[in-house]
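One-letter residues, chain by chain:
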Amino acid sequence: MSDLADGARSEQERSAEPSDAHPSYAEPSASEPETGTDGGTDGTADKKKSSRPFWKELPLLIGIALVLALFIKTFLVQAFSIPSDSMQNTLQRGDRVLVDKLTPWFGSEPERGEVVVFHDPDGWLDDEPTPKPNAAQKFLSFVGLMPSAEEKDLIKRVIAVAGDTVECKKGGPVEVNGKALTEPYVFPGNSACDDMPFGPFKVPDGKIWVMGDHRQDSADSRYHTDDANKGFVPVSQVVGRAVVVAWPVNRWSVLSVPDTFDQPGISAAAGAAPGVLGLAGALPLVLRRRRRLTAGRTAG
């Protein structure tokens, strides 16, 4: 009996041991390392993706840079080259200016005294030669990395805006809404308008009146009063405001609005404001007086 019992116990012990026929039930040995996603085995380092060489990423970087440049040129800032002497001495031939194109997207319109770039409104540049850039220049100007040589754009100073009355008689200053302008930006030795007196003209809605700082070398609004726009520039043709001279470095400067355009009473709206306020203040008094008179007649 003891031999049978011993044999039964041996059979039970053998059946309890893990079998090679069922490896899925095998428990890992304490001496075998466990592997996982955070394991530090030698094979893990080999699976890490090696970084791409710089020359393979360079085209992507260039593409991103060009897209950003095109976006900036279209919506934010664009460089323009000064092709003539019509804005001396504020701007010299060959200067590069940066033009703010963002604010017009938010409904901002040109203001008096600003230097603006605008598309040719009515054949002002028909007699001016247009340079022929090469393919590289065309591409760089398209993405905004260099000024365009083909676009027929002009740069002048805004003198009057919609609603203003502007005029200049020979020997006199330019006047806006009856206020004489003191113009320190005019080219030394030039008169305000002796070469082409004009006005008085009232600026229509949606238009501006522009003049060059080099008055005797600027075919500006004064010289186009017989055109379809009567010398005025549509606001819709304004590209943006020139804000800074960026090149050459020794001429770096901010193009600010001269103080003469801030003098009291120059604004047509401001000139009308006292009358409007006076009328608004008198109206309650008139209505009150009429009530009293009406009440007196009714009582009588």
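Residues numbered from 1 in each chain as written. Predicted model: local features only at pLDDT ≥ 70, side-chain atom pairs only at ≥ 80, totals over all residues. Heavy atoms only, no water.

Undergrad: Tell me what's going on with the nonpolar core, and back it up with residues and numbers.
TA: If you look at the biggest cluster of nonpolar residues, it comprises 18 residues, and the most contacted ones within it are Ile159, Val166, Val174, Leu181, Phe198 and Trp209. When contributions to this core are tallied by element, the ones reaching two or more residues are strand E4 (153–161), strand E5 (165–168), strand E6 (174–176) and strand E9 (207–211). If you look at the next biggest cluster of nonpolar residues, it comprises 13 residues, including Val97, Ala242, Val245 and Leu255. (Core = buried A, V, L, I, M, F, W, Y, C linked by side-chain atoms within 4.5 Å. Buried < 20%, exposed > 50% of the residue type's maximum accessible area, 1.4 Å probe, protein only. Helix = DSSP H or I, 4+ residues; strand = E, 2+ residues; numbered from the N terminus.)

Undergrad: Requested: an account of the side chain of threonine 260, with residues and values cited.
TA: Note on placement: threonine 260 falls in the loop between strand E12 (253–254) and helix H5 (268–299). Filtering out sequence-adjacent residues up to four positions away, threonine 260 remains in contact with Ala180, Leu181, Thr182 and Ile266. (Contact = heavy atoms within 4.5 Å.)

Undergrad: Account for the sheet that holds E5, naming residues and giving values.
TA: In any sheet, the strands associate via hydrogen bonds between backbone groups, in a parallel or an antiparallel arrangement. Spatial strand order, E7-E6-E5-E8: 4 strands in an open sheet with antiparallel pairing. One side of each edge strand has no neighbouring strand; the edge strands of this open sheet are strand E7 (179–180) and strand E8 (198–202). Relative to E8, E5 is paired through 3 bridges, and the arrangement is antiparallel. Bridge pairing in E8 links threonine 165 to lysine 202. (Pairing = 2+ DSSP bridges.)

Undergrad: Residues and numbers for the confidence of the model for the protein, please.
TA: For the protein, per-residue confidence averages 75 on the pLDDT scale, and 58% of positions sit at 70 or higher. Taken as a whole, residues 296–300 scores under 50 in pLDDT and shows 0 contacts with residues more than four places along the chain or in a different chain. (pLDDT = per-residue confidence, 0-100.)

Undergrad: So, unusual backbone geometry: which residues are in play, and what are the values?
TA: Here glycine 199 and proline 200 are connected by a cis peptide whose omega angle stands at 5°. Take proline 200: it is sitting in strand E8. Cis geometry marks the peptide bond from tryptophan 247 to proline 248, where omega comes out at 0°. With respect to the element layout, proline 248 can be found in the loop between strand E11 (238–247) and E12. With phi around 55°, asparagine 177 is a residue other than glycine that occupies positive phi space. Mapping asparagine 177 onto the fold places it in the loop between E6 and E7. Owing to a relative accessible area of 22%, asparagine 177 belongs among the partly exposed residues under this scheme.

Undergrad: Just give me the short version of the state of the cysteines, but keep the residues and values in it.
TA: Under the counting rule described, the total for this entry stands at 1 disulfide. Bridging cysteine 168 to cysteine 193, the disulfide has an S-S length of 1.9 Å. Looking along the S-S bond of the cysteine 168-cysteine 193 disulfide, the torsion reads about -90°, which is the left-handed sense. Placement of cysteine 168 in strand E5 and of cysteine 193 in the loop between E7 and E8 is noted, with a sequence separation of 25 residues between them. Accessibility assignment for this pair places cysteine 168 and cysteine 193 in one class, buried. (Disulfide = S-S within 2.5 Å.)

Undergrad: So what about the pattern of salt bridges? Which residues, and what values?
TA: Taken as a whole and judged by the stated rule, the model has 9 salt bridges. The partner of arginine 241 in a salt bridge is glutamate 114, with the nearest N and O atoms 3.8 Å apart. One end of the pair, arginine 241, is in strand E11; the other, glutamate 114, is in the loop between strand E2 (96–100) and strand E3 (115–119), with 127 residues separating them in the sequence. According to the relative accessible area criterion, arginine 241 is partly exposed, its value standing at 25%. Arginine 222 serves as the salt-bridge partner of aspartate 220, at 2.7 Å between the closest nitrogen and oxygen. According to the relative accessible area criterion, arginine 222 is buried, its value standing at 2%. One salt-bridge network, in which partners are shared between bridges, spans Asp195, Asp220 and Arg222. (Salt bridge = Lys/Arg side-chain N within 4 Å of Asp/Glu carboxyl O.)

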